[in-house]
Amino acid sequence: GMAYTFVKANGGKIGNSICEDDQLEVAKAIEKKAADKGVKLVMATDVLVTDDFSGNGTNKFVDVNNIPDGFEGVDAGPQTRKEFEDVIKSSKTILMNGPVGAFENPAFAEGTKAVLAAIIDATENGATSVIGGGDSVSAAKKLSDADKYTHVSTGAGASLEYIEGKTLP
């Protein structure tokens, strides 16, 4: 869902997708800071959209910047999955803090499955992987073998604060 805030901040069409309108300037600031530091942000390029969140309507893949009115983004598309997998498999440390799509519905779970499988592959090849947050843990348990990650924690906020270097109670 975070992607749609970035897309809208850059003038893209997001249809009925979730968006944090109060974070549009933050999204642009993140992109600028990343560019200034030479950090490549890997964002969705294609997404699965639906006109019925139950999964029983029209589901189709579209460019993330051109989601039609009446549709909402619910999962990563095949090109995005491949890009995410490539980055994950070449990473030495992986922090997952949220699923890729609305994984609770099997029709919208393929992106999250692909990311979790890539994290397991990377972990088996020596990467450190941390799955943080209730939704991430739920997805890992539902869609993969949750014992294959370095660390799994329901405390997403605490995990992020720890990574930031803050002192925890």
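Anything mentioned here points back to the structure above.
Residues numbered from 1 in each chain as written. Predicted model: local features only at pLDDT ≥ 70, side-chain atom pairs only at ≥ 80, totals over all residues. Heavy atoms only, no water.

### Here we look at the packing of aromatic side chains
Stated formally: Here is the rule: rings of Phe, Tyr and Trp (six-membered ring for Trp) pair when centre to centre is within 6.5 Å. Planes less than 30 degrees apart are stacked, more than 60 are edge-to-face, and the remainder are tilted. Here a strand is any run of E in DSSP of at least two residues, a helix any run of H or I of at least four, and the numbering for each starts at the N terminus. A ring is considered to have a charge above it if a Lys NZ or an Arg CZ atom is located within 6 Å of its centre and within 35 degrees of its normal.
As enumerated under the stated definition, the model contains one aromatic pair in all. Ring geometry for F53 versus F108: centroids 6.0 Å apart, planes at 45°, classification tilted. With F53 in the loop between β2 (46-50) and β3 (59-63) and F108 in the loop between β6 (93-96) and α4 (110-124), this pair connects stretches of sequence that are 55 residues apart. Taking NZ or CZ as reference, K60 lies 4.7 Å from the ring centre of F71, over its face.

### Looking at the packing of α4 against helix α5 (residues 134-143)
Here is the rule we go by: The angle between two axes is taken between their N-to-C directions and runs from 0 to 180 degrees, where each axis is a line fitted to C-alpha atoms and a helix contributes only its stretch in contact. Oblique is the label for any angle not covered by the other classes, which are roughly parallel (under 35 degrees), roughly antiparallel (over 145) and roughly perpendicular (65 to 115). Here, residues are in contact when the closest pair of their heavy atoms is within 4.5 Å. Each residue is assigned to one of three groups, with Ala, Val, Leu, Ile, Met, Phe, Trp, Tyr, Cys and Pro labelled nonpolar, Asp, Glu, Lys and Arg labelled charged, and all others, Gly among them, labelled polar.
Running from N to C, α4 and α5 cross one another at 85°; their axes reach a closest spacing of 10 Å. Considering the angle they form, α4 stands roughly perpendicular to α5. Within the contact between the two elements, α4 uses T112, K113 and L116 and α5 uses A139, A140 and L143. Residues of the contact of α4 with α5, tallied by class, amount to four nonpolar, one polar and one charged.

### So, the nonpolar core
Which entries qualify depends on this criterion: Put simply, buried Ala, Val, Leu, Ile, Met, Phe, Trp, Tyr and Cys residues joined by side-chain atoms within 4.5 Å make one nonpolar core. The classification of residues rests on relative accessible area computed with a 1.4 Å probe and restricted to protein chains. Under 20% of the type maximum is buried, over 50% is exposed, and intermediate values are partly exposed.
In this structure, I88, I119 and Y149 are the most contacted members of the largest nonpolar core, which totals 18 residues. Elements supplying a minimum of two residues to this core: α3 (78-89), β6, α4 and α5. If we skip the residues at most four places from it in the chain, I119 touches I88, I94, M96, S129, I131 and Y149. One finds Y4, V49, V64 and I67 within the second-largest nonpolar core, a separate group that totals 10 residues.

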